[in-house]
Each structure stands twice: as structure tokens, then as C-alpha cells.
Amino acid sequence: MDPMHPAETEPAGRLLQQDEEIARLLQAVRHIAVVGVSRDPAKPSHQVARYLIAEGYDVIPVNPSLDVWEGRRCFPSAQAIPERVDLVDLFRPSEAIPPHVEDAIAAGARAVWMQLGIRHDAAARRALEAGLDVVVDRCAKIEHRRLLRRAPSGGTA
């Protein structure tokens, strides 16, 4: 690579794939915007958000069709959140991801997490180029349990 041509340099953000990288991210973030959070307790977004709250994270729900979720004010976008978020956790269909990545970039987030089953390579590249770290196709709850919590006695995590 030619250092005189910045367009050819590595992206500023990192695609996090190794356990150690994901664990470091989960340890470093505190404020998590959960985009697509559902009021339905059977939905993964609801379960993951509740889990993250129980683990001490400040979860900010993002869903333009809700005013309040679990007693917390709900926002229409990450940019609408008055404080800066560290991580934007995306529970939207893969094809709907690009505008949410742009929203995360504009909101000043440090990372974007595309939940299990969600992948959009062009949006991931855009986030990396903007300096955000990116996790793709993984569940924050599963990864947190696996990497940062011990299994309860007599059971599995």
C-alpha cells in the first residue's frame, strides 16, 4: 500500500471476529442503543436488551413506533439519543441495515453490532471506513455469556 494515498490504507475501524476482540468490546462499552427493540418478550431483541440491562449496560431502546419500552424512553434513531452511545446493536433485516449504519456513524457510535443472522457487507465496509468497529452475524447475549460470564452451577450458560 502506498502511504501517500490514504484511500488505499486499511479501514480505521476493525471487523471483530476473534473472541478476545469481541470480549474487549463488550468490556469497553457501557451505552448500547438497541435498534429494533420489540415490546414482545418472545422476540430476540427484547430478550437481548433485557439481558444486557441485567448485566449492567445502559440500554437505550430505538424503535420509531414505540414511545416507551420497559419503562425506558424509546428513541426513533441513534442520532435522536441525547447522550453518545458506544455501541449500536442492530435487530433489523439485513436489507434494512445501511441507513442504520449511517445513523450510527452520524450519532458518533464507536461500534456497530449486527445480530445473529444479520449481515450486510457493504454497510459493514461503510462502518469500518468511518472508523467504527463492526461485529457481524453474532448475538450479543450469547457472546457475552460465552466470553464474560461463567455458566451457572449445574447448568449451561
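Our subject is the structure listed above.
Just so you know, these numbers come straight off a predicted model, no measurement behind them.

Now for the pairing of strand E1 (residues 31-35). The buried fraction of E1 amounts to 4 of the 5 residues, a majority that puts the element mostly inside the structure. Pairing analysis gives 5 bridges linking E1 to strand E2 (residues 58-62), with the strands arranged parallel. From the neighbouring strand, alanine 33 faces E2, where its bridge partner is isoleucine 60. Regarding the hand of the β-α-β motif, the stretch spanning E1, helix H2 (residues 44-54) and E2 is right-handed. Of the strand pairs in this sheet, E1 and strand E5 (residues 87-90) are connected by 4 bridges, and their pairing is parallel. Bridge pairing in E5 places alanine 33 opposite valine 88.

Another aspect to go through is unusual backbone geometry. The phi angle at glutamate 70 is positive, at roughly 50 degrees, despite the residue not being glycine. On the secondary structure map, glutamate 70 appears in the loop between strand E3 (68-69) and strand E4 (72-73).

As for its position among the elements, leucine 16 is in the segment before helix H1 (19-28). Residue class for leucine 16 comes out buried when judged on its relative accessible area of 1%. In this structure the C-alpha to C-alpha distance between leucine 16 and valine 135, which are 119 residues apart in sequence, comes to 5.4 Å. Residues contacting leucine 16, with those up to four places away along its chain left out, are Glu21, Ile22, Leu25, Asp133, Val134 and Val135.

Now for the pattern of salt bridges. Evaluated as defined, the whole model comprises 9 salt bridges. Across the pair aspartate 121 and arginine 119 runs a salt bridge, and its minimum N-O distance is 3.0 Å. Classification of aspartate 121 as partly exposed rests on a relative accessible area of 42%. Judged by its relative accessible area of 47%, arginine 119 falls in the partly exposed class. Glutamate 143 is paired through a salt bridge with arginine 146; the nearest N and O atoms lie 2.6 Å apart. Of the two residues, glutamate 143 and arginine 146 both sit in helix H5 (residues 140-148), 3 residues apart, roughly one turn of that helix. Residues joined in a network through salt bridges with shared partners are Asp19, Arg138, Glu143 and Arg146.

About the cut-offs
- Residues numbered from 1 in each chain as written.
- Predicted model: local features only at pLDDT ≥ 70, side-chain atom pairs only at ≥ 80, totals over all residues.
- Heavy atoms only, no water.
- Buried < 20%, exposed > 50% of the residue type's maximum accessible area, 1.4 Å probe, protein only.
- Helix = DSSP H or I, 4+ residues; strand = E, 2+ residues; numbered from the N terminus.
- Pairing = 2+ DSSP bridges.
- Right-handed = clockwise from strand over helix to strand, strands pointing away.
- Contact = heavy atoms within 4.5 Å.
- Salt bridge = Lys/Arg side-chain N within 4 Å of Asp/Glu carboxyl O.

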